[in-house]
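# Structural characterization, general
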Amino acid sequence: MYNLSDQSQTPLFSALRAHAERHPIQFHIPGHKTGIAMDPEFREFLGDRALSIDLINIGPLDDLHHPTGIIDQAQKLAAKAFGADATFFSVQGTSGAIMAMIMAVVGPGDEILVPRNIHTSVLSAIILSGARPYFLQPEVDLQLGIAHGVRVESVVEGLQRHPHVKAVLLINPTYFGVATDLRAIAEIAHERGVVVLVDEAHGVHTHFHELLPPSAMESGCDLAATSVHKLGGSLTQSSVLNVREGLVRARHVHSILSLLTTTSTSYILLASLDAARRQLAMHGREMLDRAMTIAQDARERLNQIPGIYCFGKEILQSSATFAFDPLKLTIRVADIGLSGFEVEVILRETYNIEVELSDLYNVLCVISFGDTKSNIDSLITAIQEIAKRELLQHHHKINIVVPSTPVLAMNPRDAFYADTEVVRLQDSIGRIIADVIKVYPPGIPVLLPGEVVTVDNVEYIEENLRAGLPVQGPDDPTIATVRVVKR
């Protein structure tokens, strides 16, 4: 049994590695048998050591669905590191963890408060669970064209207007790195016996440095779905679901997560979670110190470029913008006359630089432990050259427009499964939509099932399409037609 105070241990990764080094004769899946039966070019590229731990839940390696050995020990170490009562590993990404935590708390007809700038996985959980959402309006930033968190006052008002809600879901922090006053909201909700759920996809690192926004577990929340892969050092698609016992039962949460999880769990992903937790617990603070220093230098240099703006602490003006993560560089480019997407393409094709996302007005760059001063120098040089070139050509500024929030006229699940008809996007105005329409990333719906389509919603969608941004959702990939509820 492992000592939970010793975060230097990696029970899962260490046992997996030791098992692979025994070179057992394998009469079990996967059929590539440590890569021997795999395409040779792919095997050579990936490497024998990685393929040697692409295993399944045989006896010595425990079972994610019923952990009693090394996975159980690894999860307990993770819970200790994250300040949770229980932590469960997810190989379904944070999307899977978000769906599990929502479905563990609400069912058909239950009421839940959620911000309108939710990730599409929240909507998926609402449709699957049959819960009734009531939307909280986030604070909209008209300078950047993005949504931040929700105000404490908005949550209080939502709880008063809907006294039977079972849960409130919050985002900590947003995709763009802005956090609401989570602790205050958790206290208010708990006074009413309301469970607090947190989409913490972009906040795995916040628990490991006091200058970052408080984590969900620090803030007293009940459940937090957390992407370790985004800024915590694990492999893509690996996440955790952190639980605080009391208003929820950890065993019930695990049973719901298990319902949504493949039985062919990836041990490479699981091992990466174990190792990433060790690194965060042992070295996270010093690594974050270094990353934040690099990010702050980048922010200061970006703000010296004419026509460029990258927000910092000045954005913290309310309980909806209570704290921010300096590792997110939201670079507004609208003042140089280019869309964020146009800048993304130039950075890719001219400078060999890839960004996290772009929208009509901004590009978002994520700084992590893996960045260097050289990386930042390349980014700054590129942005300087792009801005100078565009301003010399006397481009007009791009006006920032934020679409109105549609009225929810029908439960999203009912609309999704309703009798529908296909109409042209323009003809959907005034109708109840049955599709999800989103730009991904960030994956926040412009329209979701049950909402009444407005003129400015359609204009915003069309503007994103013209800009070349990845609009997704309807059966029709061109978004020329959408499904609406039959009258």
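Note: the structure precedes this text.
Heads up: these notes are all about the structure in this document. Model, not experiment: these values are computed from the prediction.

A count of helical and extended segments in the chain gives 15 helices and 20 strands. C-alpha extents for the chain along the principal axes are approximately 65 × 55 × 45 Å. Counting across all 487 residues of the chain, residues that qualify as buried make up 57%. Of the accessible surface of the chain, which amounts to about 20,500 Å², a share of 52% is contributed by carbon and sulfur atoms.

The subject of this paragraph is the pattern of salt bridges. Applying the stated rule across the entire model yields 19 salt bridges. Here Arg301 ties to Asp297 by a salt bridge, and the two come within 3.3 Å at their closest N and O atoms. Here Arg301 and its partner Asp297 are both found in helix α11 (residues 267–302), four residues apart, which amounts to about one turn of the helix. On the accessibility criterion, Arg301 (23% relative accessible area) is partly exposed. Salt bridges sharing common partners tie together Asp297, Arg301, Lys373 and Asp377.

Here the focus is the sheet that holds strand β18 (residues 444–447). Strand order in the open sheet formed by three strands is β18-β17-β19, with antiparallel pairing between adjacent strands. Of all strands in the sheet, those bounded by a partner on one side alone are β18 and β19 (471–472). Here two bridges tie strand β17 (residues 437–439) to β19, and the two strands are oriented antiparallel to one another. Following the sheet pairing, Val439 is matched in β19 by Val471. Relative to β18, helix α15 (residues 455–467) is tilted by about 125 degrees, and along the sheet it contacts β17, β18 and β19.

A complete count under the given rule lists four aromatic pairs for this structure. Ring centres of Phe82 and Phe208 lie 5.6 Å apart, and the angle between their planes is 70 degrees; on these two criteria the pair is classed as edge-to-face. Here Phe208 lies in the loop between β8 (195–200) and β9 (223–227) and Phe82 lies in helix α4 (residues 70–82), a separation of 126 residues in the sequence. Ring centres of Phe416 and Tyr417 lie 5.1 Å apart, and the angle between their planes is 90 degrees; on these two criteria the pair is classed as edge-to-face. For Phe416, a relative accessible area of 32% translates into the label partly exposed. By relative accessible area, which is 54% here, Tyr417 ends up exposed. Arg116 extends its terminal NZ or CZ atom over the ring of Phe135, reaching a point 5.9 Å from the ring centre.

Rules used in this analysis
Residues numbered from 1 in each chain as written. Predicted model: local features only at pLDDT ≥ 70, side-chain atom pairs only at ≥ 80, totals over all residues. Heavy atoms only, no water. Helix = DSSP H or I, 4+ residues; strand = E, 2+ residues; numbered from the N terminus. Buried < 20%, exposed > 50% of the residue type's maximum accessible area, 1.4 Å probe, protein only. Areas by Shrake-Rupley, 256 points an atom, 1.4 Å probe, with all protein chains shown as cover. Salt bridge = Lys/Arg side-chain N within 4 Å of Asp/Glu carboxyl O. Pairing = 2+ DSSP bridges. Contact = heavy atoms within 4.5 Å. Axes fitted to C-alpha atoms, helices over the stretch in contact; angles between N-to-C directions. Phe/Tyr/Trp six-rings, centres within 6.5 Å; stacked < 30°, edge-to-face > 60°. Lys NZ or Arg CZ within 6 Å of the ring centre and 35° of its normal.

By themselves, these observations are geometric and do not establish any function.
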